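Residue-level structural notes
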Amino acid sequence: MATDSWAQAVDEQEAAAESVNHGGRFDDKAAQSLLNKLIRNNLVNNTNQVEVLQRDPNSPLYSVKSFEELRLKPQLLQGVYGLGFNRPSKIQETALPMMLAEPPQNLIAQSQSGTGKTAAFVLAMLSHVDPNKRYPQCLCVSPTYELALQTGKVIELMGKHYPEVRLVYAIRGNKLQRGMKLEEQIVIGTPGTMLDWCGKFKFIDPKKIMVFVLDEADVMIATQGHQDQSIRIQRMLPKNCQMLLFSATFEETVWNFAQRIVPEPNIIKLKREEETLDTIKQYYVLCNSREEKFQALCNIYGAITIAQAMIFCHTRKTAGWLAGELSREGHQVALLSGEMQVEQRAAVIDRFRDGKEKVLVTTNVCARGIDVEQVSVVINFDLPVDKDGNPDNETYLHRIGRTGRFGKRGLAINMVDSKMSMNILNRIQEHFSKSAVTTHARTHTHNLLYTQTVASS
Ligand SMILES: Nc1ncnc2c1ncn2[C@@H]1O[C@H](COP(=O)(O)OP(=O)(O)OP(=O)(O)O)[C@@H](O)[C@H]1O
């Protein structure tokens, strides 16, 4: 798109946002058409966007070094370039030298969603393994089955030219014969199965592990079950095993806890105002009820299906209801929620990744880590709240981070259907703009787009 029409598109977009966010109701035809336009405009990605961002010192994609300067093994460089990566992102450039230093150093690292954390720790694992030793040397734990599979795929692709290094999945359903000893150097899995494989079944000798990665580390140490399992695995590992914790978010208490369980860590931490990505524009729409939210969704359905969209609901029940209603209206949607069989879940994600379904209705089970490049729109059909009904700021960031991957433009639409949900949204907004220009932000508390712009300027 030429610069002028690009600028015009942006202007129109901001004007539309003004109108929609200032009380444009969804039953208001003008608001509807503006929002449709807004979505269409946001789907346009500039071809050299990533290159531009990688030269901007304020962008999380910025880097001064090349991959060569990070001293990766030639086979891994081939893997990196094979994936189409030209330059490292900020987190890759900063974290890799720390992770590859001798003697090994521990790391707790935070970087915005979609900025290449997975590639960073995958490269660290692949760099550390000794391919001549036929036993597990690196463990990587993810909170969900889908994420473990996805990270495994990245390991396979990145390690394509390093076939001596092998990988095995410690996930539900992958049954091994009793008494067997694994020969694969990298094990990726979910915490329960990983713990069983290290402890009860002894498929892995934990004393030989050199690198232990906790992906989505905050949720791994904040969720009771995951925390117990992760800590029990950690206790079996040798004292000098390198610990690497990665996430896009770390609530303060979790951050403090992480620092207690990781000895002498290197730390990469974002300021609050850096946590959100400018490339993801955020809006809300006003509705009166769940049914009105559904109607609103139908009204913008045409626009959101130009690319792909993820719709988040609070409960499995709502997700099931919404997927059913959308199907009854003749829309083709996929549903993924926690009670489904894991194999079924994997199949749904695969179909969505392949673009066979354009819209995925889901719960928080898909809020983290899932990387589908074509997702341009995230819809919070229900805003994320914790078990006490308070805003779940971290989940909000992870959910909207399913779009805007690695410099792509993205759009998040929050559906507000009551005073209570408006209050939740205001509190989420305040949370992320708090440490920026507070007074200015307060005058615009009902306009997420504005506070985003103010917060990042
Ligand atoms: N250096 C790079 N150059 C180009 N693309 C990259 C680079 N590093 C990663 N990517 C791509 O960016 C996308 C997002 O990367 P990744 O999934 O690693 O992000 P993340 O930080 O782990 O995200 P999340 O916080 O959601 O888990 C992926 O599709 C990945 O292939």
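Residues numbered from 1 in each chain as written. Predicted model: local features only at pLDDT ≥ 70, side-chain atom pairs only at ≥ 80, totals over all residues.

Named according to an unreviewed UniProt entry, the chain is RNA helicase originating from Gasterosteus aculeatus aculeatus. Per its UniProt entry, the chain bears the Catalytic activity (unreviewed entry) comment "ATP + H2O = ADP + phosphate + H(+)". (UniProt positions renumbered as here; feature names shortened; annotations may be inferred.)

Observations regarding the overall build of the chain
In terms of regular secondary structure, the chain is built from 18 helices and 13 strands. Residues classed as buried in the chain amount to 48% of the 457 residues present. Considering only residue pairs separated by 6 or more positions, the chain has 75% of its internal contacts joining residues 24 or more positions apart. (Helix = DSSP H or I, 4+ residues; strand = E, 2+ residues; numbered from the N terminus. Buried ≥ 20, exposed ≤ 12 C-beta atoms within 10 Å, placed from the backbone. Contact = placed C-beta atoms within 7 Å.)

Some thoughts on the sheet that holds strand β3 (residues 167-170)
In spatial order, the strands read β3-β4-β2-β5-β6-β1-β7; together these seven strands make up an open sheet with parallel pairing. In the strand order of this sheet, the two ends are held by β3 and β7 (266-268), each with one partner. On average, each strand axis in the sheet is tilted by 15 degrees relative to the strand beside it, whichever way the strands run. Two strands pair when backbone bridges link them, and strand β1 (residues 107-110) and strand β6 (residues 242-247) are joined in this way by four bridges, in the parallel orientation. When the sheet's bridge partners are listed, Gln110 is paired in β6 with Ser247. (Pairing = 2+ DSSP bridges. Axes fitted to C-alpha atoms, helices over the stretch in contact; angles between N-to-C directions.)

Topic: the pairing of strand β8 (residues 280-286)
Of all seven residues in β8, seven are buried, a share of seventy percent or more. Burial along β8 is two-sided: the residues Ile280, Gln282, Tyr284 and Leu286 and Lys281, Tyr283 and Val285 are all buried.

Some remarks on the confidence of the model for the chain
When pLDDT is averaged along the chain, the result is 86; 86% of the residues meet or exceed 70. Low pLDDT (under 50) marks residues 1-11, which in the prediction has five contacts with non-local residues, meaning those over four places away or in another chain. Between residues 434-457, whose pLDDT stays under 50, and residues either more than four places distant or in other chains, the model counts 43 contacts. Predicted complex metrics record ipTM = 0.99 and pTM = 0.88. (pLDDT = per-residue confidence, 0-100.)

Description of the sheet that holds strand β11 (residues 359-362)
On the basis of which strands lie adjacent, the open sheet formed by six strands has the order β8-β13-β12-β9-β11-β10 and parallel pairing. Looking along the sheet, the strands with just one partner apiece sit at the ends: β8 and β10 (333-336). Recorded for the sheet is a direction-independent mean angle of 20 degrees between the axes of neighbouring strands. As paired elements, β8 and strand β13 (residues 410-416) share seven bridges and run parallel to each other. The partner of Ile280 across the bridge, within β13, is Gly410.

Some details on the UniProt feature "domain: DEAD-box RNA helicase Q" (unreviewed entry) in the chain
Per the UniProt record, "domain: DEAD-box RNA helicase Q" (unreviewed entry) is annotated on residues 65-93. Taken end to end, residues 65-93 is 45% helix and 0% strand, and its two terminal C-alpha atoms sit 7 Å from one another.

So, the site of the ligand
Residues in contact with the ligand amount to 19 residues; listed here are only the nearest, Phe85, Gly116, Lys117, Thr118 and Phe406. Top contributing element to the shell around the ligand by residue count: helix α6 (residues 117-128), with three residues. Classifying every residue of the shell around the ligand by side-chain character gives five nonpolar, ten polar and four charged. (Near = placed C-beta within 6 Å. Nonpolar A, V, L, I, M, F, W, Y, C, P; charged D, E, K, R; others polar.)

Concerning the pairing of strand β4 (residues 186-189)
Because side chains alternate across β4, one face comprises the buried residues Ile186 and Ile188, and the other comprises Val187 and Gly189, equally buried. One ladder, built from four bridges, connects strand β2 (residues 138-141) with β4; its direction is parallel. Within the sheet, the bridge partner assigned to Cys140 lies in β4 and is Ile188. Here β3 runs beside β4; their pairing, made up of four bridges, is parallel. Across the sheet, Tyr169 pairs through a bridge with Ile188, a residue of β4.

Points about the packing of α6 against helix α7 (residues 145-158)
Where α6 meets α7, the axes come as close as 10 Å, and the angle between the chain directions of the two elements is 55 degrees. Accordingly, the angle class assigned to the pair α6 and α7 is oblique. The way α6 lies across α7 gives a crossing that is right-handed. Contact with α6, carried on its side by Thr118, Ala119, Val122, Leu123 and Leu126, involves Thr151, Val154, Ile155 and Met158 of α7 and no other residues of that element. Per-class residue counts for the contact of α6 with α7 are seven nonpolar, two polar and no charged. (Parallel < 35°, antiparallel > 145°, perpendicular 65-115°, else oblique. Left-handed = near helix turned anticlockwise from the far one by under 90°.)

What to know about helix α12 (residues 290-304)
At Cys298, α12 is deflected by roughly 35 degrees, the largest bend along its length. Among all positions in α12, only Lys293, Ala296, Leu297, Ile300, Ala303 and Ile304 are buried. (Bend = angle between axes of the 7 residues up to and from the residue.)

A closer look at unusual backbone geometry
The linkage connecting Glu102 with the following residue, Pro103, adopts the cis geometry, with an omega of -10 degrees. One can find Pro103 in the loop between α5 (90-100) and β1. In this structure, Arg71 is a non-glycine residue whose phi angle is positive, near 55 degrees. Mapped onto the fold, Arg71 is located in the loop between α3 (49-54) and α4 (74-82). Judged by local crowding, Arg71 falls into the exposed class, with 12 C-beta atoms found within 10 Å. Its identity as a non-glycine residue notwithstanding, Phe406 has a phi of 40 degrees, on the positive side. Summarising the element assignment, Phe406 is placed in the loop between α15 (393-400) and β13.

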